[in-house]
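Report on the structure
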Amino acid sequence: MTILRDLSVLWSLSHILIIFMLLYRSRHTRKKTFLLTGIFMGPLILLNVAGLMVYGAEVMGKVFVLTCTLPSLLFFWLMSRDKKGRFFFTFCLADTVALWIIAVTNLMDFYLGGGAVCPDVCGKAAAVPAGGVDSSPPFEKAVYGITGVGG
């Protein structure tokens with residue numbers, strides 16, 4: 001059953017990536033943003049999952065901030081149009097939402113007797129919005145439409 005846990009971590013890291021890509025504003029075109037994100041974040045995610053499989057959840061849980069969170073924070077900060085509070089709020093929001101998805105699906109798995117793959121996979125799949133990725137974050141039109149400020 002550890003392979004399902006490892007795949008669940010891969011699934012969760014992919015969710016964090018998708019959620020953040022939906023929320024932040026890149027300073028590059030959509031095509032270049034997707035290309036650079038795939039080139040940098042794909043191997044980073046795979047290395048963290050490999051580390052999880054080799055060293056286990058206990059060790060990787062302790063070093064995950066150094067091996068995944070800080071490198072992705074630096075990468076997305078360099079890619080982002082916003083370099084101040086808005087970026088950090090968005091980054092923390094994406095991590096927090098993904099953490100809640102992981103926590104809720106793990107609790108559902110626990111209370112349904114363990115080994116129940118459906119709540120884990122379905123819960124995480126439901127977190128990905130239906131449809132394609134718009135070139136602007138979903139909240140941007142509402143916020144800037146009301147205030148008239150921003151880009």
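An account of the accompanying structure is given in this report. (Residues numbered from 1 in each chain as written. Predicted model: local features only at pLDDT ≥ 70, side-chain atom pairs only at ≥ 80, totals over all residues. Heavy atoms only, no water.)

**Concerning helix H2 (residues 30-79)**
- Here H2 spans only 11 Å end to end across 50 residues, well under the 74 Å set by a 1.5 Å rise per residue.
- In H2, a bend of some 125° at Gly56 exceeds every other bend along the element. (Helix = DSSP H or I, 4+ residues; strand = E, 2+ residues; numbered from the N terminus. Expected span 1.5 Å × (residues − 1). Bend = angle between axes of the 7 residues up to and from the residue.)

**Some thoughts on the pattern of salt bridges**
- Scanning the model with the defined rule gives three salt bridges in all.
- As a salt-bridge pair, Arg25 and Asp82 come within 2.6 Å of each other at their nearest N and O atoms. Of the two residues, Arg25 is situated in the loop between helix H1 (2-23) and H2 and Asp82 in the loop between H2 and helix H3 (85-111); the sequence distance between them amounts to 57 residues.
- Of the charged contacts, one joins Asp82 and Arg86 as a salt bridge, the two residues approaching to 3.5 Å between their closest N and O atoms.
- A residue is classified by how much of its surface remains accessible, and Asp82, at 14% relative accessible area, is buried.
- Exposure remark for Arg86: the relative accessible area of 24% places this residue in the partly exposed category.
- Within this structure, Arg25, Asp82 and Arg86 form a network of salt bridges that share partners. (Salt bridge = Lys/Arg side-chain N within 4 Å of Asp/Glu carboxyl O. Buried < 20%, exposed > 50% of the residue type's maximum accessible area, 1.4 Å probe, protein only.)

**Regarding the side chain of Ser80**
- Residue placement: Ser80 occurs in the loop between H2 and H3.
- The contacts of Ser80, once residues within four sequence positions are left out, are Tyr24, Arg25, Ser26, Arg27 and Phe87. (Contact = heavy atoms within 4.5 Å.)

**A look at the nonpolar core**
- Counting 21 residues, the largest nonpolar core has Leu13, Leu17, Phe20, Met41 and Phe76 as its most contacted members.
- Of all the secondary-structure elements, those providing two or more residues to this core are H1, H2 and H3.
- Among the elements that make up this core, the one with the highest residue count is H2 (eight residues). (Core = buried A, V, L, I, M, F, W, Y, C linked by side-chain atoms within 4.5 Å.)

**Thoughts on the environment of Ile101**
- Mapped onto the fold, Ile101 is located in helix H3.
- In the structure, Ile101 is positioned 89 residues away from Ser12 in sequence and 8.1 Å away in space, judged by C-alpha atoms.

**Topic: the packing of aromatic side chains**
- Going through the model one piece at a time under the given rule, you end up with nine aromatic pairs.
- Measuring from ring centre to ring centre gives 5.2 Å for Phe75 and Phe76, while their planes differ by 65°; the resulting arrangement is edge-to-face.
- By relative accessible area, which is 11% here, Phe75 ends up buried.
- Judged by relative accessible area, which is 2%, Phe76 ranks as buried.
- Between Phe87 and Phe88, the aromatic rings sit 5.2 Å apart at their centres with planes inclined by 75°, giving edge-to-face as the arrangement.
- Judged by relative accessible area, which is 2%, Phe87 ranks as buried. (Phe/Tyr/Trp six-rings, centres within 6.5 Å; stacked < 30°, edge-to-face > 60°.)

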